[in-house]
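Each chain, written out:
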Amino acid sequence: MAPQHSTPDSASGPLPGLPGLPVGVADPCVHCGFCLTSCASYRVMGTEMDSPRGRIHALKAIEAGQLSLDATVASHFDSCLGCFACVTACPSGVRYDQLLAATRPKLNAPDLRSPAQRSWRRLLFALLPYPERLRALLTPLRAYAGTPLQALSRRLGLPRLLGPQLEAMEQLLPPLAPEAFSDALPVLTPAIGPRRHRVGLVLGCVQRLFDPAVNRAALAVLSANGIEVVIPPDQGCCGAVTHHQGELDQTRALATALIASFDAAVGPGRPGGSEPLDAVLVAASGCGHTLKQLPELIGTSFRAPVADIQEFLHRVGLSEAFQAAMQPLNHSDGQPAGPERPLRLAYHDACHMLHGQGLQDEPRSLLRRIPHVQLLEAREAGVCCGSAGVYNLVQPEEAAELGRLKAADLAGSGADLAVSANIGCSLQLRRHLADTPRPLPVLHPIQLLERSGCAPNGD
Ligand code: SF4
Ligand code: SF4
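Residues numbered from 1 in each chain as written. Chains lettered and ligands numbered in written order. Predicted model: local features only at pLDDT ≥ 70, side-chain atom pairs only at ≥ 80, totals over all residues. Heavy atoms only, no water.

**A word on the site of ligand 1**
For clarity, the cut-off: If a single non-hydrogen atom of a residue is within 4 Å of a molecule or strand, that residue counts as near it. Just so you know the grouping, Ala, Val, Leu, Ile, Met, Phe, Trp, Tyr, Cys and Pro go in nonpolar, Asp, Glu, Lys and Arg go in charged, and all remaining residues, Gly too, go in polar.
In the vicinity of ligand 1 lie 13 residues, with Cys29, Cys32, Gly33, Cys35 and Cys90 positioned nearest. In terms of residue class, the shell around ligand 1 is made up of 9 nonpolar, 3 polar and 1 charged.

So this is what it looks like as structure tokens:
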């Protein structure tokens, strides 16, 4: 199982050449290169400085006073996706994740990126973690996203005129569902049947806007499994978007506000009921990865432990009633899957789930509970798809190359459907699968559980 990542242990002290970096973490690296084949940036850039080994070498040189963190060195850390596949791959146990977590805040120094890069990042961090601002921006785009106008614009190559970053954003823009523009989910959803558990649900800032069906499915599946759900009505972003880019002050502010929204919703006389929660769940693995680190990041956390929704459902088990109700799912031609022709699923491991939280079997095990499904493995299941938080918006060329490789891998697996438990990955996969000869639909595992166990006759 992959290690769960944490911020560096401050007790280990700073590196002299780069204050704040943990001493000794880079030492076990013997430069063997076993991590190179799993490294997404090395895969598409092919240069040693854009590999984990090269970056660790650079940090050691900085420590020895032979190198300084200038714009060139910083660019080789910016090319890193933060996918942590190298941590899983390393036989010497090098915690590159700790090195990167300590390095990223230093990359935000004013002289290490161009003014254009800094402005673009400022814009992203002023927008993405704030659902209301994002809604205001997206409202006029409802007449464009997913419509013939967008298809025409793309045919004419108009997005290219916007420049690579905005073009990447346009390419990722999905059709916008009406429910994305209101917080319509109830504060308290009772369990169906005897109550087994009581949980809170984090909606995710990007997920609630770009794929609101996932949170709706999560609510339906939890409730149908005897789990009462509290959704604080004014919850914001968890801070994952900024955390993954080393913007720590903003991350602390966002995470603190999110915790406060849960405290305001649960307690005597509060809309979410007075009883304590058993867990705080999230259905986006990038968010889950950050939420699990809150004690180290901000010195506090929720009053209940954080878990990925699949991790939690796997731990507590699906209810007998839910399992009895589960139906085979339909193929795209409307025919139900059966023993002769099972529905073939290719599960995509999100890096923040697999390498960041060590969750590999849990989602697969839940998917196997659906009657007549067959799980297929992509050839490069542990390699990043290029989404990586805002990576596909700040490093669009490298991200697009990774997206194409991943889409070809999934499309070539023979699956009928791709399954992804992280909103960033889902948007990236949909965008690049659309360009393959087999543009598979991409769904969240919880949506498949909903379709199997919550619909009267399956779907
Ligand atoms: S990080 Fe680990 S796998 Fe990579 S070169 Fe160093 S010791 Fe080898
Ligand atoms: S985190 Fe991912 S992209 Fe960065 S060095 Fe490790 S494997 Fe490569």
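**A closer look at the domain arrangement of the protein chain**
We apply this condition: Each domain's extent is set by a domain assignment, obtained either automatically or from a database. Contact between two residues is taken to exist if any of their heavy atoms lie within 4.5 Å; hydrogens are not considered. Values labelled buried area give the accessible surface lost by two parts on being combined, using a 1.4 Å probe and summing over both. The salt bridge definition used is simple: a Lys or Arg side-chain nitrogen within 4 Å of an Asp or Glu carboxyl oxygen. A 3.5 Å cut-off defines polar contacts: any pair of N or O atoms within that distance qualifies, except that in protein one atom must be a possible hydrogen donor and the other a possible acceptor, and neighbouring residues in sequence count only when both atoms are side-chain atoms. Helix numbers and strand numbers start at the N terminus; a helix is a DSSP run of H or I with at least 4 residues, a strand a run of E with at least 2.
Along its sequence, the protein chain is organised into domain 1 (10-107), domain 2 (180-314) and domain 3 (326-453). For domain 1 and domain 3, the distance between their C-alpha centres works out to 30 Å. Contact residues are listed per partner, giving 14 residues for domain 1 and 15 residues for domain 3. Counting the surface domain 1 buries against domain 3, the share from its top three residues, Arg43, Val44 and Leu81, is 45%. Taken together, the connections running from domain 1 to domain 3 amount to 1 salt bridge. Where Glu380 meets Arg43, a salt bridge forms, and the shortest distance between an N and an O atom there is 2.7 Å. Between domain 1 and domain 3 we count 3 residue pairs in polar contact (both at pLDDT 80 or more) in total. Where the side of domain 1 that touches domain 3 is concerned, the elements lending two or more residues are α1 (40-45) and α4 (85-89). Element by element, the count of residues in the side of domain 1 that touches domain 3 is highest for α1, at 4 residues. For the side of domain 1 that touches domain 3, the per-class residue count stands at 8 nonpolar, 4 polar and 2 charged.

**Considerations on the side chain of Ser261**
We count it as follows: Working definition: with a 1.4 Å probe on protein chains only, accessible area under 20% of the residue-type maximum means buried, over 50% means exposed, and in between means partly exposed.
Among the structural elements, Ser261 can be located in helix α13 (residues 248-265). Classification of Ser261 as buried rests on a relative accessible area of 4%. Here Ser261 is in contact with Pro232, Asp234 and Gln235, once residues within four sequence places are set aside.

**Looking at the state of the cysteines**
Formally: By disulfide we mean two sulfur atoms from cysteines, separated by a distance within 2.5 Å.
Scanning all chains against the criterion turns up 0 disulfides. Residue Cys205 stays outside any disulfide, its sulfur separated by 3.5 Å from that of Cys237, the closest cysteine. Residue classification places Cys205 among the buried positions, given a relative accessible area of 5%.

**Overview of helix α16 (residues 309-316)**
Along α16, the residues that are buried comprise Ile309, Gln310, Glu311, Phe312 and Leu313. Looking at where α16 begins, the residue whose side-chain oxygen comes 2.8 Å from the main-chain nitrogen of Gln310 is Asp308. Looking one or two places after α16, you find Gly317, whose phi comes out positive at around 85°.

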